[in-house]
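# Coordinate analysis (summary)
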Amino acid sequence: MVVGKYIDNPLLINGHKSDLRLYVLVTSYDPLLIYIYEEGLVRFATVKYDNTGKNLWNPCMHLCNYSINKYHSDYIKSADPDLDDQGHKWSLSAFLKHLKANNIDTVQLMQSIEDVVIKSIVSVEFAVNSASKMFVPHRNNCFELYGFDILVDSDLKPWLLEVNLSPSLNTEAPIDMKIKSAMISDLLSLVGIPAIDPVLKRAQFNQKITSLTTTEDGTKKDRRPGVTAETRKYAAIRLASSTSSLSQELSRMIRDAKEQYARRKGWVRIFPTSETWNNYGALLEYSSSNNLILHEHLFPDVMMKPANRVRSRFKDGFNEVRKRSQSAGPGTGTGKRVSKDESFDRGPKSPKLRGEEDVSDSEDKPRKPTPGELRCAQYEKPLEKGHRTTIKKKE
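None of the values given here were measured: they were computed from a predicted structure.

Quick notes on the rules
Residues numbered from 1 in each chain as written. Predicted model: local features only at pLDDT ≥ 70, side-chain atom pairs only at ≥ 80, totals over all residues. Heavy atoms only, no water. Helix = DSSP H or I, 4+ residues; strand = E, 2+ residues; numbered from the N terminus. Buried < 20%, exposed > 50% of the residue type's maximum accessible area, 1.4 Å probe, protein only. Contact = heavy atoms within 4.5 Å. Areas by Shrake-Rupley, 256 points an atom, 1.4 Å probe, with all protein chains shown as cover. Phe/Tyr/Trp six-rings, centres within 6.5 Å; stacked < 30°, edge-to-face > 60°. Lys NZ or Arg CZ within 6 Å of the ring centre and 35° of its normal. pLDDT = per-residue confidence, 0-100. Pairing = 2+ DSSP bridges.

Along the protein, the regular secondary structure elements total 15 helices and 7 strands. Across the 395 residues that make up the protein, the buried fraction comes to 39%. Pairs at least 24 residues apart make up 73% of the contacts formed inside the protein by residues separated by at least 6 positions. Summing over all exposed atoms, the protein offers an accessible surface of approximately 23700 Å²; the carbon and sulfur share of this is 53%.

In structure tokens form, the structure reads like this:
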């Protein structure tokens, strides 16, 4: 059963209804790694919005799909990719710039949108992880690109319209070519598909099996009666596949996450961040401690505590999590951590001398932006890369 709700108070731009197309990349579900591309598309309905109910029949007023509105006679297609605030399709940065010019808190809006995206992915992480463990031999074997359609209402609340498993990559307009070409280029850089020679890889694996089944003088190992050469071969394959210890697997997992982040370019990582474990840890259903271990290693100065609604797996396996975390490297643990900015001096201040000024009261120090504010500021920057084409006007 699908339950839907019509939002009758959409945020209007020049009288037109709009929705956002955001590109979300999930490179791993265990641990969970979620990225949003810094630039997206804003699609407008061709006909100005009327909430009286008299024009419910008009899809070009209530729907913002490009596939529907492009056939309307009043639809305007921008011919210049650098003029991304004209016509009925804008860029995300131009949309946020317009809202900021109208004194709207765009940082709070984007943080709310990130919250919707994270909760949507978390809602399916158990089912996807269960299937991945059955059919995907390694966590780096696949990734998924989603197209999130978001509607913002007049109260600046984002609503999830749908999640597209295969978002359209058509480039009928110059702004599509500019944004999607840059997005795909940065996606392939972030994923980091390695160039491996399959012949060389097989030769190295065969050499490893040979070293496990023969001695230095060339004689066969394990000369027990009744053990065939085929049995010894498959035993060696299993041994070669399981030579990496648990600590090596955890170290490789953390290293892969850090290397991905270094190659992110225009992708903004929204999970994990310094605050995601405390905000969403209770929502994770898959019985794996990899998310907690990754949070502890990426943000060692932030206090990592069990979520408010602690599940049984944290109660029963908390000591195991701590042992696995410590085996992956130093700087871990599940105890309380104190942030660098938190002061240990809670005692009373020393009395001021006569004529001495209180510097802290006289000078207001500028507030440092939070990590969330710095992250959301990237969405407001105009996209300067991507392939640019222009539509030539017919003479």
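What follows continues from the structure just given.
What follows concerns the packing of aromatic side chains. Using the criterion set out here, one finds 5 aromatic pairs in the structure. Above the face of the Y66 ring, K89 is positioned so that its terminal group lies 3.9 Å from the ring centre. Directly above the aromatic system of Y261 lies the positively charged group of R264, at a separation of 3.8 Å from the ring centroid.

Chain-level statistics for the protein give a pLDDT mean of 79 and a share of 73% at 70 or above. Counting contacts from residues 307-362, a segment whose pLDDT is below 50, to residues more than four positions away or on other chains yields 64 contacts.

As a further point, take the pairing of strand 7 (residues 267-271). On any regular strand, side chains alternate: one points to one face of the sheet, the next to the other face. Burial analysis of strand 7 places 5 of its 5 residues in the buried class, which makes it a mostly covered element. Of the pairings in the sheet, the one linking strand 2 (residues 32-37) to strand 7 comprises 4 bridges and is antiparallel in character. Directly across from Y35, in strand 7, lies its bridge partner R269.

Two elements, strand 5 (residues 144-152) and strand 6 (residues 158-164), share 6 bridges in a ladder whose sense is antiparallel. By the bridge assignment for strand 6, G147 is matched with N164. Hairpin connection from strand 5 to strand 6: 5 residues lie between these consecutive antiparallel strands, with L156 at a positive phi of about 65°.

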